[in-house]
Every structure is written in C-alpha cells, then in structure tokens.
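Notes for the structure review
Now for the letters of each chain:
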Number of protein chains: 2
Amino acid sequence: MSESLPTNIAIFGPGLLGGSLALALRKHQPKAHLRIWARRDSAAEEVKQRGLADIASTDVRTVCDGADFIILCTPVASMLEQAKEILSASLATDCVITDVGSVKGTVVNTLDPVFANARAAFIGSHPMAGSEKAGLDAARVDLFDGKTCILTPTLFTRDVALAKIRRFWKSIGCRLLEMSPDEHDHNVARISHMPHLTAAAVAIAALKNDPGALECVGNGFRNTTRIAAGDPGLWSGIVWENREEIITAVRAARDGMTELLAMLEKVDEKGLRRFLDEAKKLRDLVPDKV
Amino acid sequence: MSESLPTNIAIFGPGLLGGSLALALRKHQPKAHLRIWARRDSAAEEVKQRGLADIASTDVRTVCDGADFIILCTPVASMLEQAKEILSASLATDCVITDVGSVKGTVVNTLDPVFANARAAFIGSHPMAGSEKAGLDAARVDLFDGKTCILTPTLFTRDVALAKIRRFWKSIGCRLLEMSPDEHDHNVARISHMPHLTAAAVAIAALKNDPGALECVGNGFRNTTRIAAGDPGLWSGIVWENREEIITAVRAARDGMTELLAMLEKVDEKGLRRFLDEAKKLRDLVPDKV
C-alpha cells in the first residue's frame, strides 16, 4: 500500500486545515516530500521556522513542480486562479488535486474543466474536521483522526485518481464517504451550514440586549453556540456558495421554531411533548464521536 | 470551616444529579452521614448495593430524622408533597433544605412558605451541571467540579442558612452565583431553556424528512444538538414552569432566524456579515470551561 501513496505533496494555505494536514503527514507519511504554498512571505517564513515542510514558498511553480498530490486549503474564491497557475507547473504524471472546502458543487463545477484536458485530475474533498479557531496556531496533528471525509467524484472521475485520493485521506486517519457534489451540498446545508447559522441566532438572542446572562452560562450553552465563534469571513463565503440549499434548511428550522412558539402560547402540552420526543428520537440516531 | 459543614445529609432522588451528589459527598465529605430517599423500593435497593449511602429508604422520616441538610433532586411536581412530609420528620436544628431544579420562581414561591414557620429554611439552588443522559448509571463523581451553582435567596432568607448552603456547594467544587428567583428564571430561559428548544428544532429540521444526512454528521452538529437528546419529560416540565420567559427568548431567536432568512433571500452580503460578526463577538465573551 505505502508505495502507492503520493510522494511529493503540495499544500496550499497553511491555516488550521493546511497546518494540521502538514502535521498529520509528517507523522503518518514521514517519507513524503512536503511543500507548502502561502500567500504572504511572512506565512511562508513561519512554515519554514516551524519545520512544517521541505519547501515553503509564495511561488506556485516552486511548490508544484514534480508534485503528484495537491491539496487546496485556501478560500474558494481564490481557487480558480490557483488552479490555472498550478497547470503551468511541471506536475508529476497523474497528479491529483483536491480541496478541503465546505461546499462542493460550485468548486467541482469550476475546477473539473480546468484539469479535464491536463494529465491531472481534480476531485473534491470535505474533511468534516475543524474548529471555531482559525490559523496555524490552532493546527493539531490529530485534527483528522477518525473524522469523516466526504469525497465528491463525478462521472468524469478516473478510477486511478479516486483510488489515490482514498488512500491519501485514509493514511491520515479519515473515514471515507462518497457522494455527488450536489448531494454533498444538500446534506451539509442541513447538518452543518444551517446549524451554524442557528447557533449564531441563538448567541445573539441570548446575549444581545442583556449580556447579564453570561455569568450563568453552562456547558449546554457552550456546546450549542460553540460554532458561532467561527470566522465570519469564512462562513459568509460558505453561505453564498450554498445559498439555495441553506435557505431551504434555515426555513425548515425557522418554521419549526414558529410551531414551537405556537405550542408554548397555547399551552399545548401534548404538542410540546411530541416535539421534544421527536427531537430526542432523531438526535439519538447520531453516532457518538469515533 | 469543615466543622460547619452539614453532618447528616439527605438526598431525595438517586438519579443523575442525586447520584452524582452522593458520589461527590462520599469523596469530599467522607465523614457525612448520607441518606438517600427513593420513590421505588428497587431504586433504594440499588443505592444500598452500590454503597452510595448510609441509609437508603422509601420512607421520608427514616431518611430525614436528624438531617441538617436536605437536597431535593426530584421532579418539581412532587416537591410540595415531599416538603410537607419532610416537616413531619424530626429534623436537626437549623436544617437547610434546597433543590437542584432548573426553574426557581415557582419552586421558591411554593416551598418558602412551607418552611417559613418551621425551624428549617428553604433556599433554591440550580447547579449548572447535567448531561443529556439521565439516571444513576450516568452519575459521575466530578459532575459538579468547577460548575456554577446559582443560589436564589429571598428577602426572608436568614444569613446563617445562606452561609451554610454556600459552604455546602463550595465543598463539592462549585463556583457560586446569587440572584433572585425571578432573575434566575429570566437569565436561564435565555442561556439554557431557549437554546435547548432551538437545538430540538435544529435536530428535527436537519434529520426529519431525510435522515440520509446522518452519515455526514460532524462534531459541529453533535455539539449544537447534544442537549436535544435530553429527557423530554424533564424538559417539558421545565418549559411549563418557566413559560413566559421562555416564550420571550424563543421569539427573539425565531425573529433572528426570520431576519437571517430575509438576508439570504435578498443576497444581503453586508447584513449577513454583520449578523455573523455580532454572533462571534457575543459568543467570544463566553468564558471557557473552568
């Protein structure tokens, strides 16, 4: 197996995900030649000082020449430009390019054609790993351990590229799921994007006009609203990329709250009990952390 | 200090909170004589078999005779009946009675008068400790470690009783807050009861019509909806006890979601960014777990 893992790996963007990926690769694939691209000189310098990579540079070709696996851990908005630059480098034969973004439809539709005529293949990935913290300082070697990574191959994805990307994520401890980019965006709108926006609405409703409740906060509130501390720039990007699906999911949650409010106002004891019973029954289906 | 801790302590209800309290008292107050009242013979028997108490019984007087500290860890609905029975026992001088319920106004208003003319005092407590799990099997010796316990004294509370209850909760590791029962219910509606109901609405909206998203679940969803797995009977009791305050808080959250939905539909990028920025700013005020 280990012979078929990538040997020259380029990571774009040394933030929380890119940095954690570098740490995990150093541990699980110590023989891999690791290259990190950063937008700013100072970020590339920091990667060098931490010894996270064999090459750290702001130059795409320096990082990509000879690479047989590339992971974009950069904002979706900059990926198309990066993809074009990557194609100008001397990539290894059968290089696979992937990303780690939270939305897959737009990214795959944009990047698939860019690489379609090259000797390289793009396949979308979404490792369900993260934190409300951002940046290289928050990176952790075990961020991907036991986490689910969703791969979104298309009808055009070649088997050899799919096999390679599967081996890559498995090597750093991920459990794999595969579905189409659209199916991904539909599911993730409901179990990640909508809950994020709801957590933000809860944090505002609870604390906005009267932060006096702050001192009473327990772990219930900490957990329920934790993701609301996520990076607003990152999250608004995600929201606009997956807007239609998110609107449907947020509307379902909002309508549920409206029904709930009616039950509270009418003192509908049976209705509330049914609501709480149903929520518990569904939540109990969620597997514990692996 | 340790001389002034209670010596004969009765716990009503060996569930998650009562059981964890017994474990914590065995650890932190090993000299205390511990008595546990259970509604069912089989529950009293289990307490005995686990060695959690010196006395375990379904008889109130057996448990309360000589007690100088009593904690009601039973449903609010049964507390008034228990309080009357407790008064028929031969309590120690200056016995303090408290509870661990999530709503304080109704409980304190009901129980204060019952004990007002006795040589005993009732003071409401709300340790902000719990779990989505219930029952003695879920009890943990460290459940109260570092947790906030809100005390709700009234104008009638005697200093000596307040001093005693403070020492009690501190002895098992709690950090104390004090406020009126009404202030407690106002705050807790916003940072506990409303977030609970919202988590239930999110679990239903995400999973009801299409549990296919289940396999994509990450820790964000796990955390955001964890409390929705709480006991529906317990939670509907809480909701009806604190209905007015909860309606106000749920309405604020629901209105926030409606605003959010309008921003998504209008592609109001500035509005969404303001919303996410505000949520992050408020959530960042929440202190980390102690």
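Residues numbered from 1 in each chain as written. Chains lettered and ligands numbered in written order. Predicted model: local features only at pLDDT ≥ 70, side-chain atom pairs only at ≥ 80, totals over all residues.

Taking 1.5 Å as the rise per residue, helix α11 (residues 269–283) of chain B with 15 residues should run 21 Å; its terminal C-alpha atoms sit 21 Å apart, in good agreement. The elements touched by buried residues of α11(B) are α7 (181–207), α8 (219–225) and α9 (232–241) of chain A together with α10 (243–266) of chain B. (Helix = DSSP H or I, 4+ residues; strand = E, 2+ residues; numbered from the N terminus. Expected span 1.5 Å × (residues − 1). Contact = placed C-beta atoms within 7 Å.)

Glancing now at the sheet that holds strand β7 (residues 124–127) of chain A. By definition, the strands of a sheet pair up through backbone hydrogen bonds, in either a parallel or an antiparallel sense. Residue and element names in this part refer to chain A. In spatial order, the strands read β7-β8-β9; together these 3 strands make up an open sheet with mixed pairing. Across the chains shown, the open sheet's two edge strands, defined by having one partner strand only, are β7 and β9 (175–178). Averaged over all pairs of adjacent strands, the angle between their axes in this sheet comes to 25 degrees, without regard to strand direction. Pairing geometry for strand β8 (residues 148–152) and β9, over 4 bridges, is parallel. Looking across to β9, one finds that Cys-149 is bridged to Leu-176. The sheet contacts of helix α6 (residues 159–171) involve β7, β8 and β9, and relative to β9 the element is tilted by about 145 degrees. (Pairing = 2+ DSSP bridges. Axes fitted to C-alpha atoms, helices over the stretch in contact; angles between N-to-C directions.)

A separate point is the environment of A:Ile227. Note on placement: A:Ile227 falls in the loop between α8 and α9. In the structure, A:Ile227 is positioned 31 residues away from A:His196 in sequence and 6.0 Å away in space, judged by C-alpha atoms. The residues touching A:Ile227, leaving out its near neighbours within four places in the chain, are A:Glu132, A:His196, A:Ala199, B:Gly220 and B:Thr224.

Time to look at the domain arrangement of chain A. All names here are of chain A. Partitioning chain A into structural domains gives domain 1 (2–179) and domain 2 (184–283). On a C-alpha basis, the centroid separation for the pair domain 1 and domain 2 is 32 Å. Elements with a minimum of two residues in the side of domain 1 that touches domain 2: α4 (76–87), α5 (105–116) and β8. Its residues assigned to classes, the side of domain 1 that touches domain 2 shows 7 nonpolar, 5 polar and 2 charged. (Domains from an automatic or database assignment. Nonpolar A, V, L, I, M, F, W, Y, C, P; charged D, E, K, R; others polar.)

This next bit is on the interface of chain A and chain B. Facing 78 residues of chain A, the contacting portion of chain B comprises 78 residues. For the side of chain A that touches chain B, the elements supplying multiple residues, two or more each, are β8, α7, α8, α9, α10 (243–266) and α11 (269–283) of chain A. No other element matches α7(A), which puts 19 residues into the side of chain A that touches chain B.

This part is about the relation of the copies chain A and chain B. The second copy of the chain is related to the first by a rotation about an axis and a shift along the axis. Rotating chain A by 180 degrees and moving it 0.0 Å along the rotation axis overlays it on chain B with an RMSD of 0.0 Å. Here the two chains are linked by the operation of a two-fold rotation axis. Within chain A, the C-alpha atom positioned nearest to the axis of rotation is that of A:Thr224, 2.0 Å from it. (Least-squares fit on C-alpha atoms with pLDDT ≥ 70 in both.)

Attention shifts here to the sheet that holds strand β6 (residues 120–122) of chain B. Residue and element names in this part refer to chain B. Across the sheet, which stays open at both edges, the 6 strands sit in the order β3-β2-β1-β4-β5-β6 with parallel pairing between neighbours. Pairing within the sheet leaves two strands with one partner each, and these edge strands are β3 (55–57) and β6. On average, adjacent strands in this sheet sit at an angle of 15 degrees to one another, irrespective of strand direction. The sheet contact formed by strand β5 (residues 95–99) and β6 spans 3 bridges and is parallel. Bridge assignment links Ile-97 to a residue of β6, and that residue is Phe-122. Helix α5 (residues 105–116) rests against β5 and β6 of the sheet, and its axis sits at about 170 degrees to β6.

Right, let's talk about unusual backbone geometry for a bit. In this model, A:Val267 sits at a positive phi of 50 degrees, which is unusual for a non-glycine residue. Here A:Val267 falls in the exposed class, since 11 other C-beta atoms lie within 10 Å of it. For B:Asp94, which is not a glycine, the phi torsion comes out positive at approximately 60 degrees. Tracing the backbone shows B:Asp94 in the loop between α4 (76–87) and β5. (Buried ≥ 20, exposed ≤ 12 C-beta atoms within 10 Å, placed from the backbone.)

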